[in-house]
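# Coordinates in review
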Amino acid sequence: MTTNADESQPRPRRRAPAGAAVLREDVTEAIRAAVFEELAAVGYARMSIEGIARRAGVGKTAVYRRWRSKLHLVLDLVSAIAVQGLPAPDTGSLEGDLRLLYEVTSRALRHPVASQILPDLQAEAARNPDIAEALRKALREGQDGVAKGIVTAAQERGEVRPGIDHDLALDLISGPLYWRSVIIRSPKLPKGYLAALARATTAALRAL
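A short tour of the structure in this document, coming up.

What counts and how
- Residues numbered from 1 in each chain as written.
- Predicted model: local features only at pLDDT ≥ 70, side-chain atom pairs only at ≥ 80, totals over all residues.
- Heavy atoms only, no water.
- Axes fitted to C-alpha atoms, helices over the stretch in contact; angles between N-to-C directions.
- Helix = DSSP H or I, 4+ residues; strand = E, 2+ residues; numbered from the N terminus.
- Parallel < 35°, antiparallel > 145°, perpendicular 65-115°, else oblique.
- Left-handed = near helix turned anticlockwise from the far one by under 90°.
- Contact = heavy atoms within 4.5 Å.
- Nonpolar A, V, L, I, M, F, W, Y, C, P; charged D, E, K, R; others polar.
- Bend = angle between axes of the 7 residues up to and from the residue.
- Buried < 20%, exposed > 50% of the residue type's maximum accessible area, 1.4 Å probe, protein only.
- Polar contact = N/O pair within 3.5 Å; in protein donor to acceptor, adjacent residues only side chain to side chain.
- Core = buried A, V, L, I, M, F, W, Y, C linked by side-chain atoms within 4.5 Å.

Geometrically, a packed helix pair is captured by the angle between its two axes and the distance between the axes. Packing of helix α5 (residues 94-109) against helix α9 (residues 193-207) leaves a shortest axis separation of 9 Å and a crossing angle of 130°. Considered as vectors, α5 and α9 are oriented oblique to each other. The crossing of α5 and α9 is right-handed. Residue-level inspection shows Leu94, Glu95, Leu98, Arg99, Tyr102, Glu103 and Ser106 of α5 in contact with α9, the latter providing Leu194, Ala195, Leu197, Ala198, Arg199, Thr201, Thr202 and Leu205. In the contact of α5 with α9, the residues fall into 8 nonpolar, 3 polar and 4 charged.

Encoded structure:
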């Protein structure tokens, strides 16, 4: 089977027809990890395929065989984040589910890499509609399913009324923490903030 010299050991004697090369998954994952590191280090505007390849320990050809440009690479990466989503809490109460969701989300948003990448991509999104749409989709879909699951479970337990506006509920659930962690970029959340936010959001959802 024909493979790129960047990605494999020496070729076997018998070769498959041209175009039959298989992209190695470990190389693909190394490139994706390198993109995160490169974005955090230099930002989207200064990021290059050459820099990504160096970090991943591969040749530029290995990157271009998977993505035709850095824009498509970043769009693919951001879209993949949306698919992965967040773990669905199941504590048995609305406030407990929200508290657990906020703890997981807070750790993710305050991770050094994420805290550097998200603001940079937001700035780039103002100039690039493709990145804007991918980022909007990732941020929305990343929590949409989880938030709906939390609200649906709360409805089944009778904690919120049937027919609640799910879009408004998602805004109430996701907005405050994202604002505090990503927009304002507060260096440290006050003690008890997540618990207080869970209580306040619970009350707000019950009032809808």
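What follows continues from the structure just given.
The sharpest bend along helix α8 (residues 166-183) comes to roughly 35°, located at Ser174, with the proline Pro176 sitting one to four residues further on. Taken together, the buried positions of α8 are occupied by Ala169, Leu170, Ile173, Ser174, Leu177, Tyr178, Ser181 and Val182. The N-terminus of α8 is capped by Asp165, whose side-chain oxygen sits 3.0 Å from the backbone nitrogen of Asp167. At the C-terminal side of α8, Arg185 shows a positive phi close to 60°.

With that out of the way, let us pick up the nonpolar core. Ranked by size, the top nonpolar core spans 34 residues in total, and within it Ile31, Val35, Val58, Val63 and Leu73 carry the most contacts. Of all the secondary-structure elements, those providing two or more residues to this core are α1 (25-46), α2 (49-56), α3 (60-64), α4 (70-84), α6 (112-125), α7 (129-156) and α8. Among the elements that take part in this core, α1 stands out by supplying 7 residues, more than any other. Beyond its immediate stretch of four places on either side in the chain, Val63 contacts Ile31, Ile49, Ala53, Val58 and Leu73. One finds Ala147, Val160, Ala169 and Leu197 within the second-largest nonpolar core, a separate group that totals 21 residues.

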